[in-house]
Structure formats: structure tokens, C-alpha cells
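# Per-entry structural report
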Amino acid sequence: MKSKIDTTIQFSGLKPGSYNYNYVLTDEFFQAFENENLRAGNVVFDVILEKTERMLLLKFSFSGIMRTECDRCLEPMNVNVEGQQMLCVKFSNTETSDNEDEVILPEGAYQIDLAQWMYEYVAVAMPLQHIHPNDSEGNPTCNPTMLQYLNSSTDVEPGNDSEDPSDAETQPIDPRWAKLKDLK
């Protein structure tokens, strides 16, 4: 599925110099990609294209909000994203590049679609953990019902259906595991 937001820059008729482009990436843009964690958001991109005779230099600057799920309580939350990236575009019919900040286009190319790079820049800017921040008193702002459930489930040993942790001490221990206690 392709986004209706046009992120293609036609550079063939441009004279050497600097050009500015602005994009607003919305839910529609992010839904065109197949990542369930990045399906909704509003991110503004400012792109500066510096064109020379044999190369393009693209400077990306972006900021916005992505909507995702909290890793702790699974409730929706907003995550701020921002960053700056650079992409160098060179032209060659034979050369290839392993550098992630460099792209090689064929000599006859006349345009470049920035969608994939913008999407990846937002994905990299997302924090690894998405957890609601604590309030001013240091208390979690996650869904209280889910926090209560999580706290009660950490008190129960795995495989023990008993809600009362004191029952675990009275249950017989498998002799194989009892030997491990002697290793202390």
C-alpha cells in the first residue's frame, strides 16, 4: 500500500543550490508500512536539498508525536520523537554503497522518493521502551487496574495457581530442585 502523501522530489530540472521541502506525516503515511508499532502519529519533516552537479545532500530535521501502546499496561500513549539525519545521494551505473547514509542512483535518475528514509528515521527515533511517565510524586500513571494485576501476579510463583504466597512454602518441592538449594 502506498501513502497518498507525496514524498518524491524531482531533482532533474533543478539548478545547483539549496532547496527546502516540508512534509507532514500523518496516520495515513504510517499505515502504508507494515509495522504494527508505528501506525499512528503526526511528524513534521523539514528537508533541505543541496544539489551539486554530481551529488545531492539531503538534510532531514523532524519532530512530532507517535501514538503507541504502553509496554507495561497496554494503554495508548503518545511518544515524542525528534531528530536530524543526513543522506548523501550519488549517481553511478556501476558503483554500489554499503553505507546506510549514502544512496547510489543510476545516472539517468530524475527523482527520489524519501518515504522509506523518513519512516526509518522516525522508527529509529522511537525509544526502546514505551512506558507512561511517572507523575510529579513519582507514582506510575499507567492504568491502575493493570498495575494492580501486574503487582499481584509477581507475588505468585510460576506454575503455582495459588494466590497466597505462603501456600508455596507448604507445598512439597520436587526433589530435583531441592538438591539445588544445597548448592548455596
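## Thoughts on the state of the cysteines
Tallying each qualifying case throughout the model produces zero disulfides. Considering cysteine sulfurs only, C142 is the nearest to C70, which forms no disulfide, with 3.6 Å between them.

## Quick look at the sheet that holds strand β2 (residues 17-25)
One open sheet holds the five strands; their spatial order is β2-β3-β4-β5-β6, and the pairing between them is mixed. In this open sheet, the two edge strands, each paired with only one partner strand, are β2 and β6 (102-105). When strand polarity is set aside, the average angle formed by the axes of neighbouring strands in this sheet is 20 degrees. Pairing geometry for strand β3 (residues 40-51) and strand β4 (residues 55-69), over 12 bridges, is antiparallel. The residue bridging N42 from the neighbouring strand is I65, located in β4. Sheet strands touched by helix α2 (residues 115-125): β2, β3, β4, β5 (76-91) and β6. Its angle to β5, the strand with the most contacts, is close to 135 degrees.

## What about the nonpolar core?
Counting residues in hydrophobic clusters, the biggest one holds 40 residues, and the most contacted among them are F45, L58, F60, V89 and L114. Going through the elements one at a time, β2, α1 (27-31), β3, β4, β5, β6 and α2 are the ones with two or more residues in this core. Setting aside its immediate chain neighbours within four residues, L58 contacts I9, V47, I48, L49, Q85, M86, L87, V89 and L114.

Calculation criteria
- Residues numbered from 1 in each chain as written.
- Predicted model: local features only at pLDDT ≥ 70, side-chain atom pairs only at ≥ 80, totals over all residues.
- Heavy atoms only, no water.
- Disulfide = S-S within 2.5 Å.
- Pairing = 2+ DSSP bridges.
- Helix = DSSP H or I, 4+ residues; strand = E, 2+ residues; numbered from the N terminus.
- Axes fitted to C-alpha atoms, helices over the stretch in contact; angles between N-to-C directions.
- Contact = heavy atoms within 4.5 Å.
- Core = buried A, V, L, I, M, F, W, Y, C linked by side-chain atoms within 4.5 Å.
- Buried < 20%, exposed > 50% of the residue type's maximum accessible area, 1.4 Å probe, protein only.

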